[in-house]
Structures are given as C-alpha cells and as structure tokens.
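Residues per chain, in single letters:
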Amino acid sequence: MTKRISLTRYLVEQQRVDGHIPGDLRLLLEVVARACKSISQAVNKGDLGGVLGVADTENVQGEVQKQLDIIANEVLIEANEWGGHLAAMASEEMDSIYVVPNRFPQGEYLLMFDPLDGSSNIDVNVSIGTIFSVLKKGNDNPDTIEPVCEQDFLQPGSQQVAAGYCVYGPQTTLVLTVGDGVAMFTLDREQGSFVLTRENVQIPADTREFAINMSNMRHWDAPVKRYVDECLAGKDGPRGKDFNMRWVASMVADVHRILTRGGVFLYPWDKREPDKPGKLRLMYEANPMSWLVEQAGGAATNGRQRILDIQPTKLHERVSVMLGSKNEVDRLTSYHSTL
Ligand code: FBP
Ligand code: AFP
C-alpha cells in the first residue's frame, strides 16, 4: 500500500534520501504545485467566480483564448517568477519566452507549461489540466553566462529534469516524474496539500482501448487508418479482440486514463494541414507526457521516431503523437515503417 505522505515530504525524500533532485528543483516543483492548487480553485468556482467564457484574445497559434487560459497563465508566472529557481518560462499561451525580471534573482531552470489544456472542456465542466516540463539552462559556467534566450529552450525532451501535469476532474491529481518513475498525488482540500496516492505507476504493455478523434478519420495517413480499422474490426479482425474507444478532448484527461488503466492515445499528422507535423505542441504537451509515459513503462513516438529524441527547432513546434501501452505504440510505429 502507498505511504500517505505529502508532496513536500516526497520531494524532500527524493532530494535527501535518493539524491535524485537538487534543492532548487524541489522548491521549484513545490511552487508549481501551489500554482496548480490556485488554478484548481478557480476551475472549481466556475461561473461563481466569473471565470468562464472566452476572453476575446488569441494565442500565438491563433486559437481563441478562454478567460481561464489567461488566468492560469498569470497564476503560473506570478507564482514562479520570484523564487530564484528559474531563468525563464515559456507557455503555450505566450508568443515568446518570459525572462524572470531583473528585480528577482535568476536561477538555472527553465519552466514550460500549457496552463490549461483542454480549453474546449472548461465551460462544459469536463476534466482539464495543467501540463509542465522543466529543463536546465545549458550554460552553467558563471564566467561566460549569457542572457537566457529562446535557443536555451530548444532541447530534446530527453533532457527534461522534471515533468508532470495536474488534472482538474472529479479529483484534482498531480502526476509527476523526476526520472524515478511516476507518482500521483491527490489534492486533499481540507488539508490544502497534495498527498501521495499512487507510486511506481505502470502502464500495461497490452490494451483493448484506444483514444483518437474519429471525426478526423478521412484525413488520416494510411498507417493510422490501418491501425484503427483493425481495432474496429474487433474479435473477427486481425487483432482477434474487441476494442473500446475513449476521447475526452483533453490530453491531460486521456493520458491520465492511460496511466491509470492502460490504452493508447493518438493525435496523428493528418492531411488537413499537410505542412504541419501535427496538432499538439512538442514542448508543452508531447515531451512532458511522453516522459511520464516512458517512466511508467509505456512508449511514445511520432510514428517514426521516439518523441523524446526530437530536436526542437522552435518554441511552439508541433508534433504527431502516439503514446501509451508499449505493444500498441510499437505496432503503430512498425505500420509507419512498412506503409
Ligand atoms: P457507467 O456509469 O457505468 O460508466 O456508464 C455510463 C454510461 O451509461 C453513460 O454515462 C455514457 O454515455 C455511456 O455509459 C458510455 O458508454 P460506452 O462505455 O459504451 O462508451
Ligand atoms: P485546447 O487546450 O486548445 O482545447 O486543446 C486541447 C488539445 O490540444 C489536447 O489536449 C486534446 O487531446 C486535443 O487538443 C483535442 O483536439 P480535438 O478538438 O481535435 O479533438
């Protein structure tokens, strides 16, 4: 049975007992968790807090922002800018990086986030979440310190030092990896703290459940179509078993289900936008989720390459995503090399 300890104690043990994380990273993760608690409160208030609806602004990808997108972005920036652990932040909701202002000490970490993933679900009261990823700024030599710039963020996902998400659903759950497996913490609202409720999370290698937006079927590439057609064929098809389908339209909620009971999630490249590699964002969505999934024994590729090995060329880069139960992702990847 999982020891019911607080997130704070878990992180202290990761630092002190296991030596996995430096003190600065521990404090940074505590601040991110605190910001998630504030966002959770705002999400819970909904209409009572006057936070629902659109904000009449667009983000850098031309998507209409919801009020809660903007509120969550501000909460994360305000919570994290003064602590001294960060050099800069980048967000799905901001055009360029946010350098920690001179009035605060500069740290060595870079924080990336999608402040409120699944925005289309906000007003309809369906699970949404915050996704985050932490990198270390490359240049550590104090004699040659350069001001932080966008280039510092362009590291492959394999360089992440922490990644996680917080899902705001029937429960608020923070899911975290610092490279030592995946742990889940449930928000105890009475105590006001995140409590460890699952550790060493493992995704089963096989599954009977897939997640994809089926309305895009006519736009898919042949390998994805083949994979889903075979799942839909059920017991009498080549897979010899029936499959179930789930699609929340919040990556956080779909990945949370996969970490909880297995499954495979696809948001593949499709013919609607042939010049874009996919819809999801590499740095704010795909990298943190891929690391969590790999840490839980699953796999994550873009159909051809391990997502964590992709060298980003720009901050808001997009990517095709296939992640979850290992044998299914391996199958999908093999279909891409044969078709
Ligand atoms: P449960 O309460 O047993 O989960 O059933 C839920 C439900 O009756 C509906 O809320 C939902 O629309 C439907 O089942 C989902 O069915 P399916 O599993 O076939 O997608
Ligand atoms: P938003 O945060 O803009 O709603 O996007 C959510 C998301 O990037 C991801 O969380 C979902 O898996 C995916 O979009 C849903 O996309 P569809 O609307 O095409 O189903």
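Note that this is a predicted model, so its numbers are computed, not measured. Per chain, residues are indexed from 1 in the order of the written sequence. As a convention, the first chain written is A and the first ligand written is 1, with the rest following in written order. Whole-chain, interface and lining totals are the exception, using all residues; otherwise, since this is a predicted model, local features are given only for residues with pLDDT of at least 70 and side-chain atom pairs are given and counted only at 80 or more.

Engineer: Just checking my understanding: could you explain the overall build of the protein chain for this structure?
Structural biologist: Along the backbone of the protein chain there are 8 helices and 17 strands. Overall size of the protein chain, expressed as C-alpha extent along the three principal axes, is 65 × 45 × 45 Å. Counting all 339 residues of the protein chain, 45% fall into the buried class. Once C-beta atoms are placed from the backbone, any two residues with those atoms within 7 Å are in contact. In the protein chain, once contacts between residues fewer than 6 apart in sequence are set aside, the share between residues at least 24 apart is 65%. Put simply, DSSP marks the helices as runs of H or I at least four residues long and the strands as runs of E at least two long, and each gets a number from the N terminus on. Burial is judged by counting the other C-beta atoms within 10 Å of a residue's own C-beta: 20 or more makes it buried, 12 or fewer makes it exposed, and any count in between marks it as partly exposed, with every C-beta position built from the backbone.

Engineer: I would appreciate a short explanation of the pairing of strand β7 (residues 162-168) in the present structure.
Structural biologist: Looking down a regular strand, the side chains alternate between one sheet face and the other. For β7, a buried count of 7 out of 7 residues is recorded, marking the element as mostly surrounded by other parts of the structure. Burial along β7 is two-sided: the residues Ala-162, Gly-164, Cys-166 and Tyr-168 and Ala-163, Tyr-165 and Val-167 are all buried. Inspection of the sheet shows strand β6 (residues 128-136) paired to β7 by 7 bridges, in the antiparallel sense. Looking at β7, one finds that Ile-131 is bridged to Tyr-165. Strand pairing requires that DSSP identify at least two bridges connecting the strands.

Engineer: What exactly am I supposed to notice about the UniProt feature "binding site: Mg(2+) 2" (unreviewed entry) in the protein chain here?
Structural biologist: UniProt positions are given in the numbering used here, feature names are shortened, and annotations may be inferred rather than shown by experiment. Here the UniProt-annotated "binding site: Mg(2+) 2" (unreviewed entry) positions come out as Asp-114, Asp-117 and Glu-285. Across 172 residues in sequence, these annotated residues keep their C-alpha atoms within 8.6 Å of one another, forming a single compact spot. Among the secondary structure elements, Asp-114 is positioned in strand β5 (residues 109-117). Residue Asp-114 is classed as buried on the basis of its C-beta count, with 28 C-beta atoms lying within 10 Å. Excluding residues that lie within four positions of it along the chain, Asp-114 makes contacts with Glu-92, Thr-130, Ile-131, Arg-281, Tyr-284 and Glu-285. For Glu-285, a count of 26 C-beta atoms within 10 Å translates into the label buried.

Engineer: What's the story with the confidence of the model for the protein chain in this structure? I'm lost.
Structural biologist: Scored by pLDDT, the protein chain comes out at a mean of 94, with 96% of its residues at no less than 70. Predicted as a complex, the structure gets a pTM of 0.93 and an ipTM equal to 0.80. Here pLDDT means the predictor's own confidence in every residue, given as a number from 0 to 100.

Engineer: Would you take a moment to explain the sheet that holds β5 for this structure?
Structural biologist: Strand pairs in the sheet, formed through backbone hydrogen bonds, run parallel or antiparallel to each other. Spatially, 8 strands are ordered β4-β3-β5-β6-β7-β8-β9-β10 in an open sheet, and the strand pairing comes out mixed. At either margin of the open sheet sits one strand with a lone partner, and together these are β4 (98-99) and β10 (193-198). Bridging between strand β8 (residues 172-177) and strand β9 (residues 182-188) involves 5 bridges; their strand directions are antiparallel. Across the sheet, the residue bridging to Thr-173 is Thr-186, located in β9. In the packing of helix α7 (residues 282-295) onto the sheet, the strands contacted are β3 (86-91), β5, β6, β7, β8 and β9, and the crossing angle to β6 comes to about 85°. Axis angles are defined between N-to-C directions and span 0 to 180 degrees, where every axis is a line fitted to C-alpha atoms and, for a helix, only to the segment in contact.

Engineer: Any chance you could explain the UniProt feature "binding site: substrate" (unreviewed entry) in the protein chain here in plain terms?
Structural biologist: This chain's UniProt record puts "binding site: substrate" (unreviewed entry) on Asp-117, Gly-118, Ser-119, Ser-120, Asn-213 and Lys-279. In this structure, Asp-117 sits in strand β5. Not counting chain neighbours up to four residues away, the residues in contact with Asp-117 comprise Ile-128, Gly-129, Thr-130, Ile-131, Ser-250, Met-251, Val-252 and Glu-285. The topology assignment puts Lys-279 in the loop between β13 (264-267) and β14 (280-281). In contact with Lys-279, not counting residues within four places along its chain, are Tyr-267 and Arg-318.

Engineer: Got a minute to help me understand the site of ligand 2 in this structure?
Structural biologist: The local shell around ligand 2 consists of Glu-63, Asp-117, Gly-118, Ser-119, Ser-120, Asn-213, Ala-249, Ser-250, Met-251, Asp-254, Tyr-267 and Leu-280. As used throughout, domain bounds are those supplied by an automatic or database domain assignment. Each of two domains, domain 1 (7-198) and domain 2 (209-337), supplies a minimum of three residues to the shell around ligand 2. Note on definitions: a residue is near a molecule or strand provided its C-beta atom, placed from the backbone, lies within 6 Å of it.

Engineer: Would you take a moment to explain the sheet that holds β13 for this structure?
Structural biologist: What the 5 strands build is an open sheet, ordered β12-β11-β13-β17-β15; its pairing is mixed. Only two strands of the sheet have a single partner each, and these edge strands are β12 (244-245) and β15 (299-301). Two strands pair when backbone bridges link them, and β15 and strand β17 (residues 321-324) are joined in this way by 3 bridges, in the antiparallel orientation. Bridging across to β17, Thr-301 finds its partner in Met-322. On top of the sheet, helix α8 (residues 326-338) reaches β13, β15 and β17; it is set at about 25° to β15, its chief contact.

Engineer: So what exactly am I meant to see when it comes to helix α3 (residues 67-80) here?
Structural biologist: For the α-helix, the turn length of 3.6 residues means that residues three or four positions removed from each other point alike. For α3, spanning 14 residues, the distance from its first C-alpha to its last is 20 Å, which sits close to the expected 20 Å at 1.5 Å a residue. Among the residues making up α3, those that are buried are Gln-67, Leu-68, Asp-69, Ala-72, Asn-73, Val-75, Leu-76 and Asn-80. A helix is expected to reach a length of 1.5 Å times the quantity of its residues less one.

Engineer: Looking at this structure, how should I read the environment of Arg-26?
Structural biologist: With respect to the helices and strands, the residue Arg-26 is situated in helix α2 (residues 23-45). On the basis of neighbour count, Arg-26 is assigned to the buried category, with 21 C-beta atoms found within 10 Å. Along the sequence, Arg-26 and Gln-15 sit 11 residues apart, while their C-alpha atoms lie 7.3 Å from each other.

Engineer: Any chance you could explain the domain arrangement of the protein chain here in plain terms?
Structural biologist: Reports of interface size often rely on the accessible area that becomes lost once the parts have come together. Domain boundaries in the protein chain define domain 1 (7-198) and domain 2 (209-337). Here domain 1 and domain 2 have C-alpha centroids that lie 24 Å from each other. Taken together, the 35 residues of domain 1 in the interface contact 29 residues of domain 2. For the side of domain 1 that touches domain 2, the secondary-structure elements that each account for two or more residues are β5, β6, α4 (150-153), β7 and β8. Looking at the side of domain 1 that touches domain 2, the element that brings in the most residues is β6, giving 5 residues. Each residue gets one label: Ala, Val, Leu, Ile, Met, Phe, Trp, Tyr, Cys and Pro are nonpolar, Asp, Glu, Lys and Arg are charged, and the others, such as Gly, are polar. Here the side of domain 1 that touches domain 2 is composed, by residue class, of 17 nonpolar, 14 polar and 4 charged.

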